[in-house]
Amino acid sequence: QFRVKNFRSIKDEICLDFIPNGADDITQFPGYFTLNQKERVSKAICVVGNNASGKTNVLKALEALAVTVLKTTNIVETQKLDWIVPFLFDRETKSSPSSFELLFLLDGIRYRYGISLTEDEIYEESLSFAPNGRTVFLFRRIKDKEIWFHPHLVTMDDVKLISKRNLRNKPIVTFAMQFDIPFLKDVYRFFAEKLVFLSSFGYANEQGIGKLLESNPQY
């Protein structure tokens, strides 16, 4: 699942959901679903709407989240995250953070990552996972408050390192990847290894698909 709120033309929260309705009879569509962790997950999803209704911005939102995680490794605190653009046609949302949340599976483990931010700073960030079926928080970050870390899954040395050196406009998961911090770096790994955008314009094109086929026969 991917949720986004207050980003470009998206004012209220929307959810891109690959989990089919529990009442659906998936036997009517053989091959369209996969079973993972006893959950049915759709292999494909289609976003339908009129021209200029915001379909592309759903993909741009997912790409903006990926860019925030992957492209801020060498960021400085004065640098703006100028790809984070709120809904501008409302006085309240114009000055409010954009929010993103991703629910994903990596190595058979369910993760939930959320971040709320403006182009200047991160307001909230959190990561939870369920290695044994029970969801536990790995960290919670709230602007102007001390970051909370799981006392048994994140070492005290890593806590001190993050608390001392992380920046207000840099995700913790990005910092964690640089210093090889277990569990916390898995969000970065998911974006780096599992998510592929065929086009920065939000639609698949023949040239982009051709390059993928040429470089990786698995596609």
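What you see is a predicted model; the values in this text were computed from it and never measured.

### Topic: helix 1 (residues 55–70)
Argument step 1. A rise of 1.5 Å per residue sets the reference length of helix 1, with its 16 residues, at 22 Å; its end C-alpha atoms lie 23 Å apart and thus fit the reference within 8%.
Argument step 2. Of all the residues in helix 1, the buried ones are Asn57, Val58, Ala61, Leu62, Glu63, Ala64, Leu65, Ala66, Thr68 and Val69.
Argument step 3. If you follow the buried residues of helix 1, they end up packed against strand 1 (2–5), strand 2 (14–16), strand 5 (98–106), strand 6 (109–117), helix 4 (172–178) and helix 5 (186–194).

### Some points on the packing of aromatic side chains
Argument step 1. The full count for this structure, using the stated rule, is 9 aromatic pairs.
Argument step 2. For the pair Phe87 and Phe89, a centre-to-centre distance of 6.0 Å together with 70° between the ring planes defines the contact as edge-to-face.
Argument step 3. Residue class for Phe89 comes out exposed when judged on its relative accessible area of 77%.
Argument step 4. Seen in terms of ring centroids, Phe139 and Phe149 are 6.2 Å apart; in terms of plane orientation they differ by 45°. Their pairing is tilted. On the criterion of sequence distance, the pair formed by Phe139 in strand 8 (residues 136–142) and Phe149 in strand 9 (residues 148–149) is long-range, its members being 10 residues apart.
Argument step 5. Of note, Arg140 hangs over the ring of Phe137, and the distance from its end group to the ring centre comes to 3.7 Å.

### Structural notes on the environment of Val187
Argument step 1. Considering the arrangement of structural elements, one finds Val187 in helix 5.
Argument step 2. Given a relative accessible area of 0%, Val187 falls into the buried group.
Argument step 3. C-alpha separation for the pair Val187 and Glu63, spaced 124 residues apart in sequence, amounts to 14 Å.

### Brief notes about the environment of Asp90
Argument step 1. In this structure, Asp90 sits in the loop between helix 1 and helix 2 (91–94).
Argument step 2. Given the relative accessible area of 22%, Asp90 is considered partly exposed.
Argument step 3. Each C-alpha atom of the pair Asp90 and Lys11 lies 8.7 Å from the other, and the pair is 79 residues apart in sequence.

### Some thoughts on the nonpolar core
Argument step 1. Grouped together as the largest cluster of nonpolar side chains are 44 residues, with contacts concentrated most on Phe2, Phe100, Tyr113, Leu127, Phe149 and Leu184.
Argument step 2. Counting residues per element, this core draws most heavily on helix 1, at 7 residues.
Argument step 3. Beyond its immediate chain neighbours, meaning those up to four positions away, Phe149 contacts Leu138, Phe139, Val154, Val159, Ile162, Ser163, Ile172 and Leu184.

Rules behind the numbers
Residues numbered from 1 in each chain as written. Predicted model: local features only at pLDDT ≥ 70, side-chain atom pairs only at ≥ 80, totals over all residues. Heavy atoms only, no water. Helix = DSSP H or I, 4+ residues; strand = E, 2+ residues; numbered from the N terminus. Expected span 1.5 Å × (residues − 1). Buried < 20%, exposed > 50% of the residue type's maximum accessible area, 1.4 Å probe, protein only. Contact = heavy atoms within 4.5 Å. Phe/Tyr/Trp six-rings, centres within 6.5 Å; stacked < 30°, edge-to-face > 60°. Lys NZ or Arg CZ within 6 Å of the ring centre and 35° of its normal. Core = buried A, V, L, I, M, F, W, Y, C linked by side-chain atoms within 4.5 Å.

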